[in-house]
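# Structural overview
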Protein chains: 2
Amino acid sequence: MRKVTVAGAQLGPIQRDEPRAEVVTRMLILMDEAKQAGADLIVFPELALTTFFPRWYMEDSAEIDSWFEREMPNAVTRPLFERAARHGMGMYLGYAELTPDGHHFNSSIIADRTGAIVGMYRKVHLPGHAEFDPERAFQHLEKRYFEPGDLGFPVWRTMDGIFGMCICNDRRWPETYRVMGLQGVEMVLLGYNTPSVNSQNSAEGPERRLFHNRLSVQAGAYQNSTWVVAVAKAGIEDGFPMIGGSLIVNPEGRIMVEAKTEADELIVHACDLDATLFGKRTIFDFARHRRIEHYGLICSQTGAIPPAP
Amino acid sequence: MRKVTVAGAQLGPIQRDEPRAEVVTRMLILMDEAKQAGADLIVFPELALTTFFPRWYMEDSAEIDSWFEREMPNAVTRPLFERAARHGMGMYLGYAELTPDGHHFNSSIIADRTGAIVGMYRKVHLPGHAEFDPERAFQHLEKRYFEPGDLGFPVWRTMDGIFGMCICNDRRWPETYRVMGLQGVEMVLLGYNTPSVNSQNSAEGPERRLFHNRLSVQAGAYQNSTWVVAVAKAGIEDGFPMIGGSLIVNPEGRIMVEAKTEADELIVHACDLDATLFGKRTIFDFARHRRIEHYGLICSQTGAIPPAP
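Now for a look at the structure at hand. (Residues numbered from 1 in each chain as written. Chains lettered and ligands numbered in written order. Predicted model: local features only at pLDDT ≥ 70, side-chain atom pairs only at ≥ 80, totals over all residues. Heavy atoms only, no water.)

## Things to note about the overall build of chain A
When you go through chain A residue by residue, the secondary structure sums to nine helices and 14 strands. Taking 19 Å as the expected radius of gyration for a compact globule of 309 residues, we find that chain A reaches 19 Å, a close match to that expectation. Along the three orthogonal principal directions, the C-alpha set of chain A runs to about 60 × 55 × 40 Å. Counting the 309 residues in chain A, one finds 64% classified as buried. (Helix = DSSP H or I, 4+ residues; strand = E, 2+ residues; numbered from the N terminus. Rg over C-alpha atoms; globule rule 2.2 N^0.38 Å. Buried < 20%, exposed > 50% of the residue type's maximum accessible area, 1.4 Å probe, protein only.)

In structure tokens form, the structure reads like this:
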């Protein structure tokens, strides 16, 4: 048994004028709770330090850049790394990254139990749009503010297991999990910010959005025989509701624990990384069962091309 | 609206000594019921004409070949095609195929509303094993009796839509749906025979097997914004139980109708092929959102290769 006790640290809403330092204070409280609960690893959401700013249309580059971090850790986030190290706790943290050469990414890091950053990920599947869209109930401008990730989907050997990361919309794409599954991933960590209503279809409300969240995460876990830990920023932020539903899913695709609120809330589960082995050796033994000679379109063609009418 | 009313024709068990002609009689009854229910298309299971013979270890090639069809239609199955044509009903039919040059496949066909075969599929993802395995509670010898399909995952424009096929274990592999999704598939038809207990893990019983069936089908539908019609052969066959749970899933991944028994049973739903459009134009608009530059491993590497320890 290779046990890792994971705490999913769901965050309630962060309003537009809430300083990062106050958010970090909330996160430290959750981290202390996680320690009390015996956690070895804490998982925070996507863009955990601020409001989900891509809902706001901005043109001024200084204003845009004010939402980004220029280094990690930095003065505001260092207490998180120090506290995690003191607690002997690994950490996943999502944030907006501005690189020294001016690139913008929706990023996450994984730190080991000494607080050292061992892996970095940049969101590949950016949802939404790049220009103001008057047809939507609200904006979702990730394609405006971020470039698609340029690091692929690596995995890291750390904390006695094989860990991968993705962010929010990545979780709806089976390619995300499969690329990590092909590297033997045992636990995927991911954060998300998901509006409770589809901005282009008001009939798709929180119940369906939570259903799609579960479905995507559970399928990714099952089909790659991996743990998946998915953690939300939730609740009414800047007047716009987001789903909670943070959850930890086992390698059979079953939900082990799920958040009940849309506020700051810890979900904790003791995960056995060896529970991934049965699926990887039997029904999802890729070496025996996959037939890559028939998968070519997945890697050669981006968009759908229906047959001629 | 492009409406196709689909009848999933779940079959109860077929015992080893039950002649194909008797099975066809049962299928014709379901077909007449489907006509009464207004169906335009009927979907039968995988290996619909016989017991699930891969549970039996055989060495004699004549005995093995006795489970296969050498042409389609043939004398025994022609009444199905004639009745479907008379009813103006399309048909999906799974059967064991022996080609004129001696190849064995686990195959299916789709016939249009005139009874003409317009598409053929050969199962790509063969589960199980090739030699007798004394460690299993029962055998699953698909890798012994079939070659992996050599036709890929084509789609067909027929019956005013874009249709694809797959078979049983294919439904657990996201690559299956994605290759069809990249060709604009609007409805995937599939049959299955799934033991109610995992032959290598007796704790995995019918509840979890039904859960995995639903999860795989729902995720494939949602992530490609396509209808999926999944139809079981079910019940206790040759003494071995198989799950039912035939279901029709909409392009949002929601179950529209699900079988209640493990016997011959029809499930019917009026499916609007235009309901696929919203997902294909928004969250799963592949051309805007997929990032094939990061998917390479999916097509270049068959088995999992974990990072060096």
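## Some remarks on the interface of chain B and chain A
Taken together, the contact pairs 69 residues of chain B with 69 residues of chain A. Here chain B meets chain A over a buried area of about 6300 Å², counting both sides, of which 63% is carbon and sulfur. Connecting chain B to chain A are six salt bridges. Here B:Glu175 and A:Arg290 are joined by a salt bridge, their closest N and O atoms 2.9 Å apart. Where chain B meets chain A, there are 38 residue pairs in polar contact (both at pLDDT 80 or more). Sorting elements by how many residues they give to the side of chain B that touches chain A places helix H6 (residues 206–224) of chain B first, with nine residues. Its residues assigned to classes, the side of chain B that touches chain A shows 32 nonpolar, 24 polar and 13 charged. (Contact = heavy atoms within 4.5 Å. Buried area = accessible area lost by both parts, 1.4 Å probe. Salt bridge = Lys/Arg side-chain N within 4 Å of Asp/Glu carboxyl O. Polar contact = N/O pair within 3.5 Å; in protein donor to acceptor, adjacent residues only side chain to side chain. Nonpolar A, V, L, I, M, F, W, Y, C, P; charged D, E, K, R; others polar.)

## Let's talk about the packing of aromatic side chains
All names here are of chain A. For the structure shown, the criterion picks out 24 aromatic pairs over all chains. An aromatic cluster of three or more residues is present, and its members are Phe53, Trp67, Phe68, Tyr145 and Phe146. Cation over ring: Arg290 sits above Phe286, and NZ or CZ is 5.7 Å from the ring centre. (Phe/Tyr/Trp six-rings, centres within 6.5 Å; stacked < 30°, edge-to-face > 60°. Lys NZ or Arg CZ within 6 Å of the ring centre and 35° of its normal.)

## Considering the sheet that holds strand E6 (residues 155–158) of chain A
All names here are of chain A. Strand order in this open sheet of six strands is E6-E7-E8-E9-E12-E13, and the pairing throughout is mixed. Pairing within the sheet leaves two strands with one partner each, and these edge strands are E6 and strand E13 (255–258). Strand-to-strand twist across the sheet, computed as the mean angle between neighbouring axes with direction ignored, equals 20°. Two elements, strand E8 (residues 187–193) and strand E9 (residues 227–233), share seven bridges in a ladder whose sense is parallel. Among the inter-strand pairings, Val188 is bridged to a residue of E9, identified as Val228. Those strands touched by helix H5 (residues 174–181) are E6, strand E7 (161–167), E8 and E9, and its axis lies near 160° from that of E7. Strands in contact with helix H6 (residues 206–224) are E8, E9, strand E12 (247–249) and E13; relative to E12, the strand with the most contacts, it is inclined by about 30°. (Pairing = 2+ DSSP bridges. Axes fitted to C-alpha atoms, helices over the stretch in contact; angles between N-to-C directions.)

## Concerning the side chain of B:Glu186
Mapped onto the fold, B:Glu186 is located in the loop between helix H5 (174–181) and strand E8 (187–193). Not counting residues within four places of it along the chain, the set of residues in contact with B:Glu186 comprises B:Arg2, B:Gly161, B:Ile162, B:Thr226, B:Trp227, B:Leu273, B:Thr276 and B:Lys280.

## Looking at the environment of B:Pro206
All names here are of chain B. By secondary structure assignment, the location of Pro206 is in helix H6. Put simply, Pro206 and Pro241 are 35 residues apart on the chain and 9.0 Å apart in space, counted from C-alpha to C-alpha. Once residues within four sequence positions are removed from consideration, Pro206 is found in contact with Ser196 and Ile243.

## Looking at the packing of helix H1 (residues 20–36) of chain B against helix H3 (residues 78–87) of chain B
Residues and elements named next belong to chain B. Viewed as axis vectors pointing N to C, H1 and H3 meet at an angle of 10°, and their least axial separation amounts to 10 Å. Looking at the two axes, H1 sits roughly parallel to H3. Counted together, Val24, Met27, Leu28, Met31, Asp32 and Lys35 of H1 and Pro79, Leu80, Arg83, Ala84 and His87 of H3 form the full contact between these two elements. Tallied by class, the residues present in the contact of H1 with H3 amount to seven nonpolar, one polar and three charged. (Parallel < 35°, antiparallel > 145°, perpendicular 65-115°, else oblique.)

## Focus: unusual backbone geometry
In this structure, A:Pro73 follows A:Met72 across a cis peptide bond, with omega equal to -5°. You can see A:Pro73 is positioned in the loop between helix H2 (61–65) and helix H3 (78–87). Of note in this structure, B:Met159 is not a glycine but carries a positive phi near 50°. Of note, B:Met159 is situated in the loop between strand E6 (155–158) and strand E7 (161–167). Backbone geometry places B:Asp238, a non-glycine residue, at a positive phi of 50°. By the secondary structure assignment, B:Asp238 is in the loop between strand E10 (235–237) and strand E11 (240–242).

## A short note on the relation of the copies chain B and chain A
Note on the copies: chain B fits chain A at an RMSD of 0.0 Å, the axial shift is 0.0 Å, and the rotation between them is 180°. Here the two chains are linked by the operation of a two-fold rotation axis. Both copies share a contact surface, since 100% of the interface residues of chain B are interface residues in chain A too. (Least-squares fit on C-alpha atoms with pLDDT ≥ 70 in both.)

## Digging into the sheet that holds E6(B)
Residues and elements named next belong to chain B. Spatially, E6-E7-E8-E9-E12-E13 is the arrangement adopted by the six strands of the open sheet, whose pairing is mixed. For this open sheet the edge positions go to E6 and strand E13 (255–258), each flanked by a neighbour on one side alone. For this sheet, the mean angle separating the axes of adjacent strands, direction not counted, is 20°. Taken together, the three bridges between strand E12 (residues 247–249) and E13 define a ladder with antiparallel strand orientation. Across the sheet, the residue bridging to Leu247 is Glu258, located in E13. Its contacts with the sheet place H5 against E6, E7, E8 and strand E9 (227–233), and it is angled at close to 160° to E7. Sheet strands in contact with H6 are E8, E9, E12 and E13, and its direction is about 30° off that of E12.

## What about the side chain of A:His129?
Residue and element names in this part refer to chain A. Examined against the element boundaries, His129 turns out to sit in the loop between strand E5 (117–122) and helix H4 (142–145). Among the residues examined, His129 registers a relative accessible area of 9% and is labelled buried. Polar side-chain contacts of His129 include one of 2.9 Å to the backbone nitrogen of His140. Not counting the four nearest positions on each side in its chain, His129 is found in contact with Arg136, Gln139, His140, Leu141, Glu142, Lys143 and Arg144.

## Brief notes about the pairing of E8(A)
Residue and element names in this part refer to chain A. Counting buried residues along E8, seven of its seven residues qualify, which places the element largely inside the surrounding structure. Side-chain alternation along E8 places Met187, Leu189, Gly191 and Asn193 on one buried face and Val188, Leu190 and Tyr192 on a second face that is also buried. On the question of chirality, the crossover connecting E7 to the parallel E8 by way of H5 is right-handed. In this fold, the crossover linking E8 to E9 by way of H6 has right-handed handedness. (Right-handed = clockwise from strand over helix to strand, strands pointing away.)

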